[in-house]
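Working through the structure, step by step
Chain by chain, the residues run as shown.
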Amino acid sequence: SAVISQKPSRDICQRGTSLTIQCQVDSQVTMMFWYRQQPGQSLTLIATANQGSEATYESGFVIDKFPISRPNLTFSTLTVSNMSPEDSSIYLCSVLWLLDTQYFGPGTRLTVL
Amino acid sequence: AQKITQTQPGMFVQEKEAVTLDCTYDTSDPSYGLFWYKQPSSGEMIFLIYQGSYDQQNATEGRYSLNFQKARKSANLVISASQLGDSAMYFCAMTMEYGNKLVFGAGTILRVKS
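Residues numbered from 1 in each chain as written. Chains lettered and ligands numbered in written order. Predicted model: local features only at pLDDT ≥ 70, side-chain atom pairs only at ≥ 80, totals over all residues. Heavy atoms only, no water.

A few points about the interface of chain B and chain A
So the rule is basically this: The contact criterion used throughout is that any non-hydrogen atoms of two residues lie within 4.5 Å. Here's the idea: put two parts together, see how much 1.4 Å probe accessible area each one loses, and the total over both is what we call buried area. The term salt bridge refers to a pairing of a side-chain nitrogen on Lys or Arg with a carboxyl oxygen on Asp or Glu at a separation within 4 Å. Side-chain atoms alone can form a polar contact between residues adjacent in sequence; in general such a contact is a pair of N or O atoms within 3.5 Å, and within protein one must be able to donate a hydrogen while the other accepts it. By definition, any uninterrupted DSSP run of H or I lasting at least four residues is a helix, any uninterrupted run of E lasting at least two residues is a strand, and each is numbered from the N terminus.
Counting residues at the interface gives 19 residues for chain B, matched by 21 residues for chain A. A combined buried area of about 1600 Å² lies between chain B and chain A, and 57% of that area is made up of carbon and sulfur atoms. Run the count over chain B and chain A and you get one salt bridge. Where B:Lys101 meets A:Glu58, a salt bridge forms, and the shortest distance between an N and an O atom there is 3.2 Å. Joining chain B to chain A, the criterion identifies seven residue pairs in polar contact (both at pLDDT 80 or more). Counting only elements with at least two residues in the side of chain B that touches chain A, the list comes to β5 (32-39) and β6 (46-52) of chain B.

Let's talk about unusual backbone geometry
As a reminder, the rule being used: To sort residues, take the accessible area from a 1.4 Å probe on protein chains only and compare it with the maximum for the residue type: under 20% means buried, over 50% means exposed, and anything in between is partly exposed.
A cis amide bond links A:Lys7 to the next residue, A:Pro8, at an omega of -10°. Within the fold, A:Pro8 resides in the loop between β1 (4-7) and β2 (10-13). Its identity is not glycine, yet B:Lys16 carries a phi of approximately 80°, on the positive side. On the secondary structure map, B:Lys16 appears in the loop between β2 (10-14) and β3 (19-21). Not every positive phi belongs to a glycine, and B:Ala81 is a case in point at roughly 45°. Among the secondary structure elements, B:Ala81 is positioned in the loop between β9 (74-79) and β10 (88-96). For B:Ala81, a relative accessible area of 38% corresponds to the partly exposed category.

Considering the environment of B:Gln8
All names here are of chain B. Tracing the sequence through the fold places Gln 8 in the loop between β1 (3-5) and β2. Gln 8 sits 11 residues away from Val 19 along the chain, and the two C-alpha atoms are 12 Å apart. The contact partners of Gln 8, leaving out residues within four places of it in the chain, are Thr 20, Leu 21, Asp 22, Gly 107 and Thr 108.

Quick word on the pairing of strand β10 (residues 101-104) of chain A
The two faces of a sheet get side chains in turn, since along a regular strand they alternate between them. Residue and element names in this part refer to chain A. The test is simple: Here, a strand pair is defined by DSSP locating no fewer than two bridges between the strands.
Burial of β10 is two-sided: the residues Thr 101 and Tyr 103 facing one way and the residues Gln 102 and Phe 104 facing the other way are all buried. Here strand β9 (residues 89-97) runs beside β10; their pairing, made up of four bridges, is antiparallel. Paired with Val 95 across the two strands is Tyr 103, which belongs to β10.

If you want it as structure tokens, here you go:
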């Protein structure tokens with residue numbers, strides 16, 4: 001399976017600021033994804049990070065709020081922009097492995113004050 | 001649209017006993033994959049088991065097995081010989097075969113009692 005790391009593991013941020021979360025995989029993968037898990041809720045897909053092209057966003061998520069980069073096949077970043085307390089969540093990246101299984105990173109716990 | 005339903009918000013099981021976590025799904029796609037993930041209090045999502053819609057046999061991974069009943073659109077997770085470390089949130093999820101989007105259920109909190 002793929003080994004996935006995320007930075008930072010947790011952060012506390014002030015309202016109106018932005019945070020960039022990094023996701024690193026130990027192998028080249030074609031598809032990477034970003035999910036959000038709000039407190040006490042299930043996971044929701046934010047977007048698919050496409051290498052060499054713009055990310056594909058799910059309904060309710062926009063590029064201005066959650067810009068995503070995917071410069072190569074092992075790395076992606078998610079930025080949470082102009083944060084509000086409602087953005088307090090766990091943000092997880094995942095990768096599609098061997099065409100059928102998604103493995104997740106350890107997640108980033110974000111608290112916005 | 002695809003949908004996953006987990007009707008058990010919480011479950012208790014005695015250590016060393018088996019437990020079944022329920023999951024039903026709805027999709028019109030003939031090709032899909034079903035997953036179970038474990039999320040301990042640390043927040044990480046741990047992959048447990050996968051079942052493809054065309055797989056003839058139920059998937060098994062150690063103490064985990066997936067009871068796949070295609071006609072009933074159910075994909076229940078069976079954990080045998082429960083351990084204290086099994087206490088966690090468990091999510092059922094599905095995606096199209098070779099697809100990308102994972103749709104998750106609401107989750108079931110499992111507590112193992114000693």
